[in-house]
Amino acid sequence: GAMLIANPTIVAPAINANLPASAPPIFPLLFVTIACGAISGFHGLVGSGTTSKQLNKETDARFVGYLGSSGEGALALVAIIAATAGFASLTEWEAMYSEFGNGGLAAFVQGGAVIVASGVGISQEFATTLLTVMAVLFAGTTMDAGVRLQRYIIQEWGTIYNIPQFQNGYLATGLAVSACLVLAFGATPPGAPIGTG
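Residues numbered from 1 in each chain as written. Predicted model: local features only at pLDDT ≥ 70, side-chain atom pairs only at ≥ 80, totals over all residues. Heavy atoms only, no water.

**Describing the overall build of the protein chain**
The number of helices and strands found in the protein chain is ten helices and zero strands. Starting at the N terminus, the α and β elements of the protein chain follow one another as α-α-α-α-α-α-α-α-α-α. Taking all 197 residues of the protein chain together, the buried fraction comes to 18%. Residue pairs in contact within the protein chain that sit at least 24 positions apart in sequence constitute 55% of those at least 6 positions apart. On the protein chain, roughly 13,500 Å² of surface is accessible, and the fraction owed to carbon and sulfur atoms is 68%. (Helix = DSSP H or I, 4+ residues; strand = E, 2+ residues; numbered from the N terminus. Buried < 20%, exposed > 50% of the residue type's maximum accessible area, 1.4 Å probe, protein only. Contact = heavy atoms within 4.5 Å. Areas by Shrake-Rupley, 256 points an atom, 1.4 Å probe, with all protein chains shown as cover.)

**Some thoughts on the packing of helix α8 (residues 124-160) against helix α10 (residues 169-185)**
Running from N to C, α8 and α10 point in directions that differ by 125°, and their axes come no closer than 8 Å. Viewed along their axes, α8 and α10 adopt a mutual orientation that is oblique. Here α8 runs over α10; the crossing is right-handed. Where α8 approaches α10, its residues Met143, Val147, Gln150, Arg151, Ile154 and Gln155 are matched on the opposing element by Gly169, Ala172, Thr173, Leu175, Ala176, Val177 and Cys180. Of the residues assigned to the contact of α8 with α10, the class counts are eight nonpolar, four polar and one charged. (Axes fitted to C-alpha atoms, helices over the stretch in contact; angles between N-to-C directions. Parallel < 35°, antiparallel > 145°, perpendicular 65-115°, else oblique. Left-handed = near helix turned anticlockwise from the far one by under 90°. Nonpolar A, V, L, I, M, F, W, Y, C, P; charged D, E, K, R; others polar.)

**A look at a nonpolar patch on the surface**
Residues Ile26, Phe27 and Leu30 make up a contiguous nonpolar surface patch of about 290 Å² in total accessible area. With respect to the element layout, phenylalanine 27 can be found in helix α2 (residues 26-34). (Patch = residues over 30% accessible without salt bridge, like charges linked within 9 Å, V, L, I, M, F, W, Y side chains within 5 Å. Salt bridge = Lys/Arg side-chain N within 4 Å of Asp/Glu carboxyl O.)

**A word on the side chain of threonine 84**
Within the secondary structure layout, threonine 84 lies in helix α5 (residues 61-85). Discounting residues that sit within four places of it in the chain, threonine 84 has contacts with Ile10, Val11, Ala12 and Trp93.

**What to know about the packing of aromatic side chains**
Under the definition given, this model contains one aromatic pair. A ring pair is formed by tryptophan 93 and tyrosine 97, whose centres lie 4.9 Å apart and whose planes are at 40°; its orientation type is tilted. We classify tyrosine 97 as partly exposed; its relative accessible area is 22%. (Phe/Tyr/Trp six-rings, centres within 6.5 Å; stacked < 30°, edge-to-face > 60°.)

**Concerning the pattern of salt bridges**
Counted under the stated rule, the structure contains two salt bridges. Between aspartate 144 and arginine 148 there is a salt bridge, with the nearest N and O atoms lying 3.0 Å from each other. In this pair, aspartate 144 and arginine 148 are both assigned in helix α8, four residues apart and thus about one turn of the helix distant. Taking the relative accessible area as the measure of exposure, arginine 148 reaches 40% and is therefore partly exposed.

**Let's talk about the packing of helix α7 (residues 105-120) against α8**
When two helices pack together, you describe them by how their axes are tilted relative to each other and by the distance separating the axes. α8 packs onto α7 with a crossing angle of 135° between their chain directions and a minimal axis gap of 8 Å. Classified by the angle their axes make, α7 and α8 are oblique. Classified by chirality, the crossing of α8 by α7 is right-handed. In this structure, α7 contributes Leu105, Phe108, Val109, Gly112, Ala113, Val114, Val116 and Ala117 to the contact, and α8 contributes Gln124, Ala127, Thr128, Leu131, Thr132, Met134 and Ala135. Partitioned by chemical class, the residues of the contact of α7 with α8 number eleven nonpolar, four polar and no charged.

**Considering the nonpolar core**
Counting residues in hydrophobic clusters, the biggest one holds eleven residues: Ala2, Met3, Ala82, Phe108, Val109, Ala113, Ile115, Val116, Ala117, Ala127 and Leu131. Looking at which element gives the most residues to this core, the answer is α7, with six residues. Excluding residues that lie within four positions of it along the chain, isoleucine 115 makes contacts with Ala2, Met3, Ala6, Pro8, Ile81, Ala82, Ala85 and Gly86. In this structure, Val11, Trp93, Met96 and Ala107 belong to the second largest nonpolar core, which totals seven residues. (Core = buried A, V, L, I, M, F, W, Y, C linked by side-chain atoms within 4.5 Å.)

As structure tokens, this is what we get:
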């Protein structure tokens with residue numbers, strides 16, 4: 001609603017000719033950026049692992065699937081508008097994206113806060129806090145869903161391959177959390193700084 005009320009102007013160029021030297025080639029990065037959910041398989045995992053089990057009848061699948069996709073598309077548009085139109089000038093936008101890897105969540109929070117503050121009529125500080133909390137909640141609930149789905153998969157392996165230990169909820173949860181910890185802290189190549197692996 002704030003997007004429609006504020007009606008922000010997109011200050012970012014449609015094609016950025018002044019790419020930072022650290023930026024990788026646009027192909028295939030463009031497709032990974034826009035379709036990260038489809039490429040990562042997370043949506044397929046959610047759809048096949050839990051959504052399918054929550055439907056009352058099979059004929060509801062199309063409605064739920066398309067409505068969920070429409071909602072995600074709307075969220076993607078809002079995020080793009082926040083990261084491109086939430087800046088007062090092209091100079092501010094270029095300062096945010098001066099290096100590859102800059103922007104991201106910070107651009108969404110800062111740009112979105114400007115739009116929400118002007119559209120809803122609240123202070124920019126409160127809008128920044130609101131969007132920061134929203135982003136943290138989104139990350140937290142996504143991680144929770146991912147760990148829960150991994151636990152379900154481990155328990156299903158236990159059922160399929162007749163491994164009673166994997167059917168235990170505590171062990172399956174421990175394995176799921178351990179896999180996350182290994183990916184977060186144990187996947188860095190030797191000698192590389194933490195967070196770049």
